[in-house]
Amino acid sequence: MNALPPRTSRIMHRGAVPPPIAVGGHGVWLVEQGGREILDASGGAAVSCLGHGHPRVIEAIKRQAETLAYAHTGFFSSEPAEALAENLVGHEPGGLAAVYFVSGGSEAVEAALKLARQYVLEIGQPRRTHFIARRQSYHGNTLGALSAGGNAWRREPYAPLLSPAFSHVSPPLAYHEQRPGEDEAGFVARLAAELEAEFQRLGPDTVAAFVAETVGGATAGCVTAPAGYYRAMREVCDRHGALLILDEVMCGMGRTGTLHAWEQEGVSPDIQTVAKGLGGGYQPIGAVLVSRKVRDAIAAGTGAFQHGHTYLAHPTACAAALAVQTVLREENLLANVVAMGERLEQGLVERFGNHRHVGDIRGRGLFRAIELVADRGGKAAFEPGHKLHLRIKQEAFARGLACYPSGGTADGVRGDHVLLAPPFIASPAEIDLIVERLGEAVDAAIASLP
Ligand code: PLP
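Please read all numbers here as calculations on a predicted model, not as lab measurements.

Caption draft 1: Structural view of the sheet that holds strand S8 (residues 243–248). With respect to topology, 7 strands assemble into an open sheet ordered S4-S10-S9-S8-S7-S5-S6, the strand pairing being mixed. Every other strand in the sheet has two partners, leaving strand S4 (96–102) and strand S6 (166–169) as the edge strands with one partner each. Sheet twist, expressed as the average angle between the axes of neighbouring strands with direction ignored, equals 20°. One ladder, built from 6 bridges, connects S4 with strand S10 (residues 286–291); its direction is antiparallel. Across the sheet, the residue bridging to Val99 is Leu289, located in S10. Strands in contact with helix H8 (residues 184–202) are strand S5 (130–134), S6 and strand S7 (207–213); relative to S6, the strand with the most contacts, it is inclined by about 155°. Set on the sheet, helix H11 (residues 292–300) makes contact with S4, strand S9 (271–274) and S10; between it and S10 the angle comes to about 85°.

Quick look at the structure:
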């Protein structure tokens, strides 16, 4: 499929065969060695929100690297870090008033979990040692984040190393979890009752926080919650004095059409994580956004968050992220996310709405997924051994399309799915091309099954 000859590599790549080498990028296009152009329909893993080669971001990185590449946060803050903090929480969105900069999503989740634990200590509630998260969630690959995650196959090899402080409740994935005859309000009430029951099982005064991806990303594919879900979950947390941590590493920073996905849910979190779209892939950066309540409790108590990494608030990364966020606002890209998101949804519905092997089309903004099923009526997943998702990935790549497929599970909890997260700058023609190439790839992959 890849016209270039196979190569060897000393890097421990994700697959047994080294991937082709990307040598360039412009707009929504990636260029591989040899010159072939690939339409970047998933921004890597929902990272490249401005696409590739944006001159303003490149200029900001250059300028910062020339001025001050790095200074340790044990001694100094930096101008780009302060400016980025002001940009993100200066107006205190949803009561989020402080920020902690790290280098990526998993680090942000680790920091968020530790921050929640420190908060309960600061307020004199040391018995709060438990975290409730959701099945079929992904919060990162470091051990704390993996403990929070509810992705069975990722957890399994490391199970002995994972923390028993985490338990998991059902995700709000209507396609699989909503029962026949159950309306949306009933579904939400049942999920809230399940969370309440989990608090009761653990002991309500032993729970530090409920952790959720506002719109579920990598594991189950663009899972939007039913209306009222987050208000109901927040109520349970508030009743028992637990924090709400929303992980927006993937769905945040504009991907769903508002800067924060929670803006569409009628709640705001006590602690929020962001990463991918924050720096748009130009530099590795993540952040924890912290509510006034949590910030003030720490300020009034021990005075500082007991955590740290060498590359906290890295000046060049902060300068890149500041440029990305400035472009996002000045070029009014959220409006394009909404418009192109609607076009993408419409295109997917037209192409796959009656497809016998597409069971669900879901998502919001430029964050959309299709779920593949062997049997639409029974919602049965394809045989996981067929690795349909990888076949789709290969067929799409052969057609010049990079998308983000994930595998189904043997227990039929969910089928293979393909996640799409194109850059916010995508044009109508590029959106249409994504749908066209994906349609061909899905049909070819299914036709190739034994
Ligand atoms: N949280 C969520 C919701 C994610 O989607 C991811 C990555 O996909 C992470 C955390 C981990 O981020 P990273 O891969 O940057 O460590």
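Now that the structure has been shown, the text picks up again.
Caption draft 2: Molecular detail of the site of the ligand. Taken together, the neighbourhood of the ligand is formed by 15 residues, with Gly105, Ser106, Gly140, Val249 and Met250 sitting nearest. Examining the composition of the shell around the ligand, we find that 3 residues originate from one element, helix H4 (residues 105–122), more than from any other. Of the residues contributing to the shell around the ligand, the split by class is 7 nonpolar, 6 polar and 2 charged.

Caption draft 3: The arrangement of unusual backbone geometry in detail. Here the phi dihedral of Ala46 falls at roughly 60°; this positive angle occurs in a residue that is not glycine. Looking at the element boundaries, Ala46 is found in helix H1 (residues 43–46). A tally of 28 C-beta atoms within 10 Å means that Ala46 is categorised as buried. A positive phi angle, close to 55°, is found at Gln136, a residue other than glycine. Locating Gln136 in the fold gives a position in the loop between S5 and helix H5 (143–148).

What counts as what
Residues numbered from 1 in each chain as written. Predicted model: local features only at pLDDT ≥ 70, side-chain atom pairs only at ≥ 80, totals over all residues. Pairing = 2+ DSSP bridges. Helix = DSSP H or I, 4+ residues; strand = E, 2+ residues; numbered from the N terminus. Axes fitted to C-alpha atoms, helices over the stretch in contact; angles between N-to-C directions. Contact = placed C-beta atoms within 7 Å. Near = placed C-beta within 6 Å. Nonpolar A, V, L, I, M, F, W, Y, C, P; charged D, E, K, R; others polar. Buried ≥ 20, exposed ≤ 12 C-beta atoms within 10 Å, placed from the backbone.

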